[in-house]
Amino acid sequence: MTIRGVLIEAAYRRLGKVSISPNGLDRILEKVKGVWRELPPSTSPGSVGAVDGSRNRKEFSGYVVYAVGAASVTFNGGKPSGIEIDADVDLLKPSEYSDSRLRILMGILEFKRALSILPKVSLLMLDGSVIGALIRPPSFYHEVSSNGEIRERMWKLFQELERIYSTDRINAKDFYNEIQEKFSGRDYAVAAGFLEYLEYLYTIYLLLKEVREKGKCLVAVSKKSDSRLHFLDTLLPDAAVLNFLNLPPGYIEPKYGKRVDEEKKFKYPGKFDDLLRTFEFTVSFVKLKDQVNKVEVLELPERNGSFEEVLGYLNFYSVSGYPYPLVEVHKSVKITSEDIEEVIRILKLKGITGREPLGE
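Each value, and the rule that gives it
Residues numbered from 1 in each chain as written. Predicted model: local features only at pLDDT ≥ 70, side-chain atom pairs only at ≥ 80, totals over all residues. Heavy atoms only, no water. Helix = DSSP H or I, 4+ residues; strand = E, 2+ residues; numbered from the N terminus. Buried < 20%, exposed > 50% of the residue type's maximum accessible area, 1.4 Å probe, protein only. Expected span 1.5 Å × (residues − 1). Pairing = 2+ DSSP bridges. Salt bridge = Lys/Arg side-chain N within 4 Å of Asp/Glu carboxyl O. 1 Å grid on protein atoms, 1.4 Å probe; cavity = no way out; pocket = protein on both sides within 12 Å on 5 of 7 lines; lining within 4 Å. Points joined across faces, edges and corners; volume = space filled by probe spheres on them.

Asks: What exactly am I supposed to notice about unusual backbone geometry here?
Replies: Glycine aside, the phi torsion of most residues is negative, and most peptide linkages are trans. Between Lys93 and Pro94 the backbone carries a cis peptide bond, its omega angle lying at 5°. Assignment of secondary structure puts Pro94 in the loop between strand 4 (79-92) and helix 3 (98-117). With phi around 55°, Ser320 is a residue other than glycine that occupies positive phi space. Tracing the backbone through its elements, the reader meets Ser320 in the loop between strand 11 (318-319) and strand 12 (322-323). By relative accessible area, Ser320 is classed as exposed at 60%. Phi at Lys348 is positive, roughly 55°, even though this residue is not glycine. With respect to the element layout, Lys348 can be found in the segment after helix 13 (337-347). A residue is classified by how much of its surface remains accessible, and Lys348, at 72% relative accessible area, is exposed.

Quick look at the structure:
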């Protein structure tokens, strides 16, 4: 018998014994009904920019070949008016902490792309959660905290990075050779990753600061969310619970003034612990059609009713319950496994993955 046959037998034994339904569904429904609001009418937002990022990789023994990309699309009067794409391909060696580093490298490109198109639009849509992007520490962060030499040297390099900072590339890569002169092996991966992380935080800070100073509108839409802002269930996050309920299109009463550190207590490195705590968001769970998504809107003190305005804009662009600009930009930037294989072919890289004896 194959593993598939054994799994099928195991699944039949568990049939009727597993459930993902929240506890006390009727009680939760009554609670939600009291705070569920109708969507505002559709409103055309004028000029809109949408940004998304993508990453892919192939791991060889000792190193990783990666591709990261970020794209932006702009819309005017409901019609697409332009698309721009940035990308980077390279190696990560050694391969330690490559997952965290790739997420950060993609994020750098993504938020720099957002910075680049911000002057052209009045409303900026981001795929994913800004709060989530900030409160998720990299897996190597604990090693930075315990290594004073890495911390001190990378902060000095970051001061140089600030002076050459640009939105058209990943500036931390300019310092890889210098880092390699001081650190090797795992320490190199931690040091390079920490400098990348500082550039990542700095880029998000610049974006949020620019949005606030220019009076623009920034909205982030998450298809998946682990947030438990309303504590609807003891185990499942709010979005999962709300998707169980047969709710009409609408949104749950927003949480105003949510700082980026409230969902998870976390100390940012150095000056960012003060800088990033100055930004507040309005957060809600929104159902445009079939699926509940988490929506975050950067709060601007001088604007009133901005959250309801944004929901009107999202409603205007809703196609099958998701903002169409974000659908389009996702299609433009998705990096496939075939793309990675083409990159490897062009770079003429050879290596072993360790899966060859298994025919993979």
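More follows now that the structure is in view.
Asks: Could you clarify how one ought to interpret helix 1 (residues 3-14) in this entry?
Replies: Three or four residues apart is the spacing at which side chains of an α-helix point the same way, because the helix has 3.6 residues per turn. Taking 1.5 Å of rise per residue, 12 residues should cover 16 Å, and helix 1 covers 17 Å from first to last C-alpha, within 8% of that figure. In the stretch just after helix 1, Gly16 is the one whose phi turns positive, near 85°.

Asks: Which parts of the structure should I look at to understand the pairing of strand 5 (residues 123-127)?
Replies: On a regular strand, each side chain points to the face opposite its neighbour's, so the side chains alternate between the two faces of the sheet. Counting buried positions over the five residues of strand 5 gives five, a clear majority of the element. Note: strand 5 against strand 6 (residues 217-222), five bridges, orientation parallel. Bridge pairing links Leu123 to Cys217 in strand 6.

Asks: Any chance you could explain the pattern of salt bridges here in plain terms?
Replies: Opposite charge on two side chains permits pairing when their charged atoms draw close. Going through the model one piece at a time under the given rule, you end up with 25 salt bridges. A salt bridge links Arg101 to Glu196, with the shortest nitrogen-to-oxygen separation between them at 2.7 Å. Here Arg101, found in helix 3, pairs with Glu196, found in helix 8 (residues 185-214); they are 95 residues apart in sequence, far enough to count as distant. Accessibility expressed as a relative area gives 1% for Arg101, which makes it buried. Salt-bridge contacts for Glu162 lead to Lys271; the nearest nitrogen and oxygen are separated by 2.8 Å. Of this pair, Glu162 sits in helix 6 (residues 148-164) while Lys271 sits in the loop between strand 8 (255-259) and helix 10 (272-275), placing them 109 residues apart in sequence. By relative accessible area, Glu162 is classed as partly exposed at 25%. Beyond isolated ion pairs, a larger network of salt bridges with shared partners links Glu84, Asp86, Arg113 and Lys120.

Asks: How should the layout of surface pockets be read in this particular structure?
Replies: A volume near 1,200 Å³ is recorded for the largest pocket. Residue assignment for the lining of the largest pocket shows that the elements contributing at least two residues are strand 2 (47-60), helix 3, strand 5, helix 4 (130-135), strand 6 and helix 12 (324-333). Taken as a whole, the second largest pocket encloses approximately 160 Å³ of empty space. If you trace the second largest pocket, you find it lined by Asp90, Leu91, Leu92, Lys93, Arg101, Tyr176, Gln180 and Tyr188. At the level of secondary structure, the elements contributing two or more residues to the lining of the second largest pocket comprise strand 4 and helix 7 (176-182).

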